[in-house]
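A look at the structure
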Protein chains: 2
Amino acid sequence: MRRTDKHIDYSEDELEMAQFAKALGHPVRIKILMLLESQSCCFTGEMTAMIPLAQSTVSQHLKALHEAGLIQGEISPPRVKYCINRKNWAKARNLFGKFFAEKSAVSP
Amino acid sequence: MRRTDKHIDYSEDELEMAQFAKALGHPVRIKILMLLESQSCCFTGEMTAMIPLAQSTVSQHLKALHEAGLIQGEISPPRVKYCINRKNWAKARNLFGKFFAEKSAVSP
DNA sequence: ATCGCATATCGCAAATAGGCGATAAATGTT
DNA sequence: AACATTTATCGCCTATTTGCGATATGCGAT
């Protein structure tokens, strides 16, 4: 996209939230995270089995979640076990929590 | 992208959350929402003045937020006043709240 | 050294998103 | 009716995302 050299200064929170949100912006990735949440950890293969998408596609979604910091994977050859990244999960919870915090009053 | 005819069945919640998340997946849109939250309502022009992006670009982001149901606009000629859509805001809060709900224990 | 398994990465195609300027649309004002 | 103001939409371009199959990689087992 054509980009100007204007720069917008975003706060850390804004950038971080947008990044988390972006990672959450696809139903498959939501599903994967719910899976990991419900059973703490999971091998890639189990997910690939449950999700009717090509193995390479699932792998890419896992990569996206990993890069966003929402999951972490430890190798357990020949497999990889993915878990929620609890530290960043908490960070995300706080960010979204603050963001959606109930305001005293409602519509003007 | 090449698409198979496989279909994945997503729950309503998964789809809705992904949709909200997608809308939140850009820092400018986070900024806009924070603005609207802080001062209840705002005209497009005020936002355009605060954000160093072309008017048409800001308008598109507003459209995206509107389509995601996060904001609503009422015309007040020749301007348009945008506010948070409280109903869906609450819905989003609930979805994200449930999603990030603290689990009793931590890492295995 | 080779095989087999599970996963990641590559390269491609198609769709979507993000940016802009220019223009259209809506409406109150003169 | 013509104008000014504000916002939305259009067309264009580039970048990113999403999907796939094919291939590479890593590593234990043979």
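Values in this document were obtained by computation on a predicted structure and should not be read as measured data. (Residues numbered from 1 in each chain as written. Chains lettered and ligands numbered in written order. Predicted model: local features only at pLDDT ≥ 70, side-chain atom pairs only at ≥ 80, totals over all residues. Heavy atoms only, no water.)

**As for the packing of aromatic side chains**
- Scanning the model with the defined rule gives 9 aromatic pairs over all chains in all.
- Ring centres of Phe96(A) and Phe96(B) lie 4.7 Å apart, and the angle between their planes is 10°; this geometry places the pair in the stacked category. Remark: Phe96(B) occurs in helix 5 (residues 86-99) and Phe96(A) occurs in helix 5 (residues 86-99); the pair is interchain, linking two chains.
- Overall, Phe96(B) belongs to the buried group, its relative accessible area being 2%.
- Note on Phe99(A) and Trp89(B): the rings are 5.3 Å apart at their centroids and 40° apart in plane angle, and the pair reads as tilted. Here Phe99(A) is found in helix 5, whereas its partner Trp89(B) is found in helix 5 on a different chain. In this structure, Phe99(A) and Trp89(B) share a single accessibility class: buried.
- One aromatic cluster is present, built from ring pairs that chain together Trp89(A), Phe96(A), Phe99(A), Phe100(A), Trp89(B), Phe96(B), Phe99(B) and Phe100(B). (Phe/Tyr/Trp six-rings, centres within 6.5 Å; stacked < 30°, edge-to-face > 60°. Helix = DSSP H or I, 4+ residues; strand = E, 2+ residues; numbered from the N terminus. Buried < 20%, exposed > 50% of the residue type's maximum accessible area, 1.4 Å probe, protein only.)

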